[in-house]
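Fold and contact review
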Amino acid sequence: MKTKDFYYDLPKELIAQHPEEKRDHSRLLVLDKESGEMEHKHFYDIIDYLKKGDLLVLNDTKVMPARIYGHREGKEEKIEFLLLNRKDDIWECLSKPGKKAKIGSKIIFSDKLSAEVVDISEDGSRFLKFEYDGIFEEILDELGEMPLPPYITEKLEDKNRYQTVYAREEGSAAAPTAGLHFTKELLEKLKDKGVEICYITLHVGLGTFRPVKVENVDEHEMHSEFYVMTKEVADKINAAKDRGSRVIAVGTTSVRTVESIANEDGRVCEKSGFTNIFIYPPYKFKCVDALITNFHLPESTLLMLVSSLSSREIILKAYEEAVKERYRFFSFGDAMFIR
């Protein structure tokens, strides 16, 4: 299968630059994965499509305000750093302009936070050893900006709009955006209806935005991301499968976690680690039955994943319909329920 098989034409003005004023007022395209039948709704209507016993699997990762600006000691020119991975007080970072951050350079971020460049990787990533006065996470929250995707060019006024309302495990460089549509009130209504809810954690890396640069899909190498599934969650998923209820993933990150752990019988277990699972047609799902997701970039691994749950033809036809109906696309855009 070719990467170009997942291309569709998207007018630039349909790329959402800001979230809807009310989270659950985004539009919702409901798609039957077998027949391709479509309905146009709003996200708060999702309650009408979920039933007692269904299990929603949400990703509770929290986005770090990981973009920070500093300058070399004794210099004034600004350097931008994007924090990627942490080991103790040393962080792997992307830097711009990188040539300003040489090994041994001391970087000043504020009177409470500074760092020394202690290493540089082959691909140009900088390793910073931080020194700080206080609690690092609190200082970062004060100084940092949300690392919004490159296609969002407008400034985000409220940092919390790039977090789900249930975010709690800090560690992501990007939000699991399908979950941005849920409000606490909507989640409570779903519980009252008898829909079960559980939380896995997968820390989303910047590799999620990495384009597929190979012609043949199966030659693409996926980035690796850290996940956690507790015993309590594994038990809930197995119980849902045993009783014949649907396991509904909220977002592609939840899909990748569950499918990474599931055996051929669709059973899961308590587990944590790194996954680089690449899901593309004709992948056979082992555990996940349905998916709530946003609209993804042309030729992206995320579009390939959602195509696997239905078919490439049905998904691209749904995307064509979404463009025609002027849906909003990507991270702050509208949603889709593939059932």
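Residues numbered from 1 in each chain as written. Predicted model: local features only at pLDDT ≥ 70, side-chain atom pairs only at ≥ 80, totals over all residues. Heavy atoms only, no water.

Per an unreviewed UniProt entry, the recorded name for the protein chain is S-adenosylmethionine:tRNA ribosyltransferase-isomerase, and the organism is Peptoniphilus harei ACS-146-V-Sch2b. What the UniProt record of the protein chain gives under Function (unreviewed entry) is the line "Transfers and isomerizes the ribose moiety from AdoMet to the 7-aminomethyl group of 7-deazaguanine (preQ1-tRNA) to give epoxyqueuosine (oQ-tRNA)." For the record of the protein chain, the UniProt heading Sequence similarities (unreviewed entry) holds the text "Belongs to the QueA family." (UniProt positions renumbered as here; feature names shortened; annotations may be inferred.)

1. Brief notes about the pairing of strand 16 (residues 290-294)
Counting buried positions along strand 16 gives 5 out of 5 residues, so the element sits mostly inside the fold. The pairing of strand 14 (residues 247-250) with strand 16 spans 3 bridges and is parallel. Directly across from Val250, in strand 16, lies its bridge partner Ile292. As paired strands, strand 16 and strand 17 (residues 335-338) are joined by 4 bridges and run antiparallel to one another. Within strand 17, the residue paired with Leu291 across the bridge is Ile338. (Buried < 20%, exposed > 50% of the residue type's maximum accessible area, 1.4 Å probe, protein only. Helix = DSSP H or I, 4+ residues; strand = E, 2+ residues; numbered from the N terminus. Pairing = 2+ DSSP bridges.)

2. Observations regarding the pattern of salt bridges
Scanning all chains against the criterion turns up 16 salt bridges. In this structure, Arg246 and Asp54 form a salt bridge, with 2.6 Å as the shortest nitrogen-oxygen distance. Remark: Asp54 occurs in the loop between strand 2 (38-42) and strand 3 (55-59) and Arg246 occurs in the loop between helix 3 (231-243) and strand 14; sequence separation between them is 192 residues. Neither Arg246 nor Asp54 differs from the other in exposure class; each is buried. The partner of Glu196 in a salt bridge is Arg243, with the nearest N and O atoms 2.9 Å apart. On the criterion of sequence distance, the pair formed by Glu196 in strand 12 (residues 196-202) and Arg243 in helix 3 is long-range, its members being 47 residues apart. Judged by relative accessible area, which is 39%, Arg243 ranks as partly exposed. Three or more residues joined by partner-sharing salt bridges are found here, namely Arg72, Glu77 and Lys100. (Salt bridge = Lys/Arg side-chain N within 4 Å of Asp/Glu carboxyl O.)

3. Quick notes on the packing of aromatic side chains
Counted according to the given criterion, the structure contains 19 aromatic pairs. Measuring from ring centre to ring centre gives 6.1 Å for Tyr8 and Phe329, while their planes differ by 35 degrees; the resulting arrangement is tilted. With a gap of 321 residues between them, Tyr8 in the segment before strand 1 (27-31) and Phe329 in the loop between helix 6 (312-324) and strand 17 connect regions that are remote in the sequence. For the residue pair Tyr8 and Phe329, the accessibility class agrees, reading buried in each case. Summarising the aromatic geometry, the rings of Phe130 and Phe136 are spaced 5.3 Å apart at their centres and angled 65 degrees between planes, so their arrangement reads as edge-to-face. Each residue in the set Tyr8, Tyr151, Phe295, Tyr319, Tyr327, Phe329 and Phe330 is aromatic and connected to the rest through ring pairs, giving one cluster. Positioned above the aromatic ring of Tyr327, the side-chain terminus of Arg27 is 4.0 Å from the ring centre. Against the face of Tyr69 rests Lys78, its NZ or CZ located 5.3 Å from the ring centre. (Phe/Tyr/Trp six-rings, centres within 6.5 Å; stacked < 30°, edge-to-face > 60°. Lys NZ or Arg CZ within 6 Å of the ring centre and 35° of its normal.)

4. Focus: the nonpolar core
Counting 66 residues, the largest nonpolar core has Tyr162, Met229, Ile237, Val268, Tyr319, Phe329 and Met336 as its most contacted members. Considering each element in turn, this core owes the most residues, 7 residues, to helix 6. When near neighbours in sequence (up to four residues on either side) are disregarded, Ile237 contacts Leu55, Val57, Met229, Val247, Val258, Val268 and Cys287. By size, the runner-up hydrophobic cluster in this structure holds 23 residues, among which are Leu28, Leu186, Val250 and Ala335. (Core = buried A, V, L, I, M, F, W, Y, C linked by side-chain atoms within 4.5 Å. Contact = heavy atoms within 4.5 Å.)

5. Remarks on the sheet that holds strand 17
Within the open sheet, the 9 strands sit side by side as 2-1-17-16-14-3-12-13-15. Their pairing is mixed. The open sheet is flanked by strand 2 and strand 15 (271-275), the only strands paired with a single partner. Each adjacent strand pair in this sheet contributes to an overall mean axis angle of 20 degrees, direction not counted. Inspection of the sheet shows strand 13 (residues 225-229) paired to strand 15 by 5 bridges, in the antiparallel sense. Following the sheet pairing, Val228 is matched in strand 15 by Ser272. Contacts from helix 3 reach strand 3, strand 12, strand 13 and strand 14 within the one sheet, and its direction differs from that of strand 12 by about 130 degrees. (Axes fitted to C-alpha atoms, helices over the stretch in contact; angles between N-to-C directions.)

6. Digging into the environment of Glu92
Considering the arrangement of structural elements, one finds Glu92 in strand 7 (residues 90-96). Along the primary structure Glu92 and Leu128 are separated by 36 residues, whereas in three dimensions their C-alpha atoms are 6.6 Å apart. Discounting residues that sit within four places of it in the chain, Glu92 has contacts with Leu82, Leu83, Leu84, Asn85, Ser125, Arg126 and Phe127. Side-chain polar atoms of Glu92 contact the side chain of Ser125, separated by 3.2 Å. (Polar contact = N/O pair within 3.5 Å; in protein donor to acceptor, adjacent residues only side chain to side chain.)

7. Topic: the domain arrangement of the protein chain
Taken domain by domain, the protein chain consists of domain 1 (3-63 + 157-338) and domain 2 (67-143). Between the C-alpha centres of domain 1 and domain 2 there is a distance of 33 Å. (Domains from an automatic or database assignment.)

8. Observations concerning the environment of Ser105
Looking at the element boundaries, Ser105 is found in the loop between strand 7 and strand 8 (106-108). Looking at Ser105, the relative accessible area reads 12%, which means it is buried. As for Ser105 and Lys22, which are separated by 83 residues in sequence, their C-alpha atoms are 45 Å apart. Every residue in contact with Ser105, bar those within four places of it in the chain, is listed here: Arg72, Lys100, Ala115, Glu116 and Val117. A polar contact of 2.9 Å, which involves the side chain of Ser105, links it to the backbone oxygen of Lys102.

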